[in-house]
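For reference, the chains in residue letters:
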Amino acid sequence: MKKLRLLFLSLIIIGSISFKVFAQVSGDYGSKATGNWGTDGTNWLIFGSLADWSDATQATLVPGNGNNVWIRNGHTVTMEASSKRGKNLTIVSGGKLLTSASGNSLTLNGDLTIDGTCGSLTAAPTVQFAASGTISGSGTFYFSKIRPTTNTNVKVTVNMNVTGVGSGSFINCNSLNNFTLEVSATKTLTLPLGGYFGVSSASALNDPSPGENFTINVYGTINTPCGTGGGINLANATGFLSTLNVYNGGIVNTGRLSAIATGLADANAINININNGGTINLTTATAPISEDMTKATMNIQGAFNPGVAGTMSSVTLGKVIVNNGTGVTFNDPTTLAGLVILTSGNITFNNTLSGGSATSYIVFDAAGNGSVALNVPAGTSLLSLPVGTAAY
């Protein structure tokens, strides 16, 4: 029994070592030396069987959609143009994949593993996914854009710290339906000023036509300041759904959280769910802006922090459900465009509150939980507090 156990453990160890050393398989592409990605096989080798690539053969073509690609230690491969392709791409420690111009595209049919470096602070690639894939590794990743290239329920999981480069940096649906972007626990995705999440392919401020189902799942952290056209805009066209899910441990720091675009947002098309342990912080690195969430349904079980006074010029709320112990405080002028339902916790307004009507007011759940407070600013002679029932 002991001999069998030792043999079994030995096989496990050998198998593990073999897996790590011989990760490449016959037919994989590997960089031959430092140089351009190119349009033929000049700078590429085809893997044989030896881990050091000593029995590799010269490639005649560049990698295609079905080829795994390896950027090897000590090599810097430059994307001198767009339309580079591969299946799974691995940049090993000591390897670099750069681009001669921001936005040059790389399309993958699998995972992107970065233990070396991909992109730079001055020029970063657009990484496109033709199938679901994971971005992971211990290296450094600078990107211009992340987006799908098919309508086949593409999900991209970000499982490393990544940074967008340039004011035109964004993550969107690329006019393709059913795209999900997920940030894993403990990982951070950062966009620069002017960078944005959105359904459309122009900017966070533009119309979302023709509309796509777009989901953002946050278990880690998203940082996206505002700037011109920046932030998060979940506006969608009628018949499509935008969803922002912030899960336990997830944090969204954004300079804009908007859910409206001219004439095209559907009242039931946007859901913002802050789960227990999740947090959305509204911040601004530029002049205060107006947060318009008229078309959104916001379910607040975690923390929603609209910011200190002056963070926003105004806040417009659609349907809001407050169901947490700490409540929500609005420090800037707030307008109700839908129902605010208090299930648990408090909602406090430290500035003007307007918009009360037969369809927009504050209501408690059937058990009468929660409370509401309206703190009247100095010098204000009259404020309304729209609290009622379905009959108002």
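Residues numbered from 1 in each chain as written. Predicted model: local features only at pLDDT ≥ 70, side-chain atom pairs only at ≥ 80, totals over all residues. Heavy atoms only, no water.

Q: I keep staring at the sheet that holds strand β15 (residues 140-143) and nothing clicks. Help me out?
A: Backbone hydrogen bonds hold the strands of a sheet together, and the pairing may be parallel or antiparallel. Pairing is parallel in the open sheet, where eleven strands are placed in the order β2-β6-β9-β12-β15-β18-β21-β24-β27-β30-β32. Lying at the two open borders of the sheet, with one neighbouring strand each, are β2 (35-36) and β32 (303-305). As defined by bridge partners, strand β27 (residues 251-254) adjoins strand β30 (residues 279-282) across four bridges and the pair is classed as parallel. Its bridge partner lying in β30, T254 is registered against L282. (Pairing = 2+ DSSP bridges. Helix = DSSP H or I, 4+ residues; strand = E, 2+ residues; numbered from the N terminus.)

Q: Even after reading the chapter, I still don't get the packing of aromatic side chains, so can you show me in this structure?
A: What characterises a pair of aromatic rings is the spacing of the ring centres plus the angle enclosed by the ring planes. This model, assessed by the stated rule, comprises nine aromatic pairs. Cluster of aromatic residues (ring-pair linked, three or more members): Y29, W37 and W44. (Phe/Tyr/Trp six-rings, centres within 6.5 Å; stacked < 30°, edge-to-face > 60°.)

Q: How do you make sense of unusual backbone geometry when you look at a structure like this?
A: Glycine aside, negative phi is the norm for most residues, and most peptide bonds take the trans geometry. Of note in this structure, N153 is not a glycine but carries a positive phi near 50°. Mapped onto the fold, N153 is located in the loop between β16 (145-148) and β17 (154-159). The backbone of T186 sits at a positive phi, close to 70°, despite the residue not being glycine. Of note, T186 is situated in the loop between β20 (179-183) and β21 (188-190). The exposure class assigned to T186 is exposed, which follows from its relative accessible area of 68%. (Buried < 20%, exposed > 50% of the residue type's maximum accessible area, 1.4 Å probe, protein only.)

Q: Please clarify how the confidence of the model for the protein should be interpreted in this entry.
A: Note: predicted coordinates in regions of low pLDDT should not be interpreted at a detailed level. Of all residues in the protein, 80% have pLDDT values of 70 or greater, and the mean over the chain is 84. Taken together, the stretch residues 1-22 has pLDDT below 50 and engages in three contacts with residues farther than four places along the chain or on a different chain. (pLDDT = per-residue confidence, 0-100. Contact = heavy atoms within 4.5 Å.)

Q: Just to check I follow, could you spell out the nonpolar core for this structure?
A: By size, the foremost hydrophobic cluster in this structure holds 73 residues, and its most contacted members are F141, L189, I272 and F304. No other element matches the five residues that strand β33 (residues 312-323) contributes to this core. With sequence-adjacent residues up to four places away left out, L189 is seen in contact with F143, V158, V162, I171, L181, V183, F197, T221, I222 and N223. One finds L45, F47, A56 and W70 within the second-largest nonpolar core, a separate group that totals five residues. (Core = buried A, V, L, I, M, F, W, Y, C linked by side-chain atoms within 4.5 Å.)

Q: Sorry, what's going on with the side chain of N104 here?
A: Here N104 shows up in the loop between β9 (96-99) and β10 (105-108). A polar atom in the side chain of N104 sits 3.0 Å from the side chain of T99. (Polar contact = N/O pair within 3.5 Å; in protein donor to acceptor, adjacent residues only side chain to side chain.)

Q: Any chance you could explain the pattern of salt bridges here in plain terms?
A: Opposite charge on two side chains makes pairing possible when the charged atoms of those side chains draw close. Applying the stated criterion across every chain yields a total of two salt bridges. The salt bridge partner of K84 is E80, with a shortest N-O separation of 2.8 Å. The class of K84 is buried, set by a relative accessible area of 5%. Accessibility expressed as a relative area gives 28% for E80, which makes it partly exposed. As a salt-bridge pair, K155 and E182 come within 3.2 Å of each other at their nearest N and O atoms. Within this pair, whereas K155 is found in strand β17, its partner E182 is found in strand β20, the two being separated by 27 residues in sequence. Look at K155 and you get partly exposed, because its relative accessible area is 33%. (Salt bridge = Lys/Arg side-chain N within 4 Å of Asp/Glu carboxyl O.)

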